[in-house]
Amino acid sequence: PAPIVVLISGTGSNLAALLDASRAEGSSYEIVGVIADREAAGLAHARNAGIPTEVVRLKDFPDRDAWNHGVRLAVDRFAPQLIVLAGFMKLFGPELLEAYPDRIINTHPALLPSFPGAHGVRDALAYGVRVTGATVFVVDAGIDTGRILAQEALTILPEDDETSLHERIKAIERRMLVDVVEQLTR
Ligand code: GAR
């Protein structure tokens, strides 16, 4: 199976889904490392599965370029074929993007190009759109601007708040992300 690295900042439900699917018979990829930019709760999924983890904190580096380099070295050690951002909430500088062109993918909880950035669910609700969704895309130098690989829409319910809507979106993301990773590594 193709070695992949997953980067997280949060609860890691997408990581857990990727992990589950990778254990299925005939899966085309294997998670060889998980990297976080903080002591993220989701690291537990990796640790429980015996997968090596690394925390690369911005504040442990003199500046952002040095942190970018630190992330790049952490990724390089795992020699991944594909890098999956699964709720990773920081932007990369050019170093990692140039080292892994077209090999970094991300999942976003909105229908890009609408509502990019850190608050895709909240921003869609605030705007009052009736339909939102999830997007899996190739990371480029912009903020959530890369080539779209998969996208699925979902109707916002009148009673939705940010939490309920995000949970339904995440259910879509988990399924879509696993599908895309399987396709890209097959
Ligand atoms: C997901 O909804 C993902 O799309 C979002 O963080 C959540 C992570 O959930 N990412 C972004 O908003 C990136 N800008 P998880 O930690 O449970 O996988």
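About the criteria used
- Residues numbered from 1 in each chain as written.
- Predicted model: local features only at pLDDT ≥ 70, side-chain atom pairs only at ≥ 80, totals over all residues.
- Heavy atoms only, no water.
- Near = heavy atom within 4 Å.
- Polar contact = N/O pair within 3.5 Å; in protein donor to acceptor, adjacent residues only side chain to side chain.
- Helix = DSSP H or I, 4+ residues; strand = E, 2+ residues; numbered from the N terminus.
- UniProt positions renumbered as here; feature names shortened; annotations may be inferred.
- Contact = heavy atoms within 4.5 Å.

> How should the site of the ligand be read in this particular structure?
Around the ligand there are 14 residues in total, and G12, S13, H166, K170 and E173 lie nearest to it. Contacts to the ligand include G12, whose backbone N or O atom sits 2.7 Å from an oxygen atom. In this structure, T107 approaches the ligand through a main-chain N or O atom, which is 3.2 Å from an oxygen atom. The set of elements that each furnish at least two residues to the shell around the ligand consists of α1 (13-22), β5 (104-108) and α6 (162-185).

> Mind showing me how you'd approach the UniProt feature "binding site: N(1)-(5-phospho-beta-D-ribosyl)glycinamide" (unreviewed entry) in the protein here?
Here, UniProt's "binding site: N(1)-(5-phospho-beta-D-ribosyl)glycinamide" (unreviewed entry) annotation points to G12, S13 and N14. When you line up the elements, G12 lands in the loop between β1 (2-8) and α1. With residues up to four places along the chain from it excluded, the contact list for G12 reads G42 and H45. Leaving out residues up to four positions away in the same chain, N14 has contacts with A86, E173, R174 and L177.

> What's the story with the environment of L165 in this structure? I'm lost.
Structurally, the position occupied by L165 is in helix α6. Sequence spacing of L165 and A2 is 163 residues, and the spatial spacing of their C-alpha atoms is 33 Å. When sequence neighbours within four positions are dropped, the list of residues in contact with L165 reads V121, L125, T132, L154, I156 and D160.

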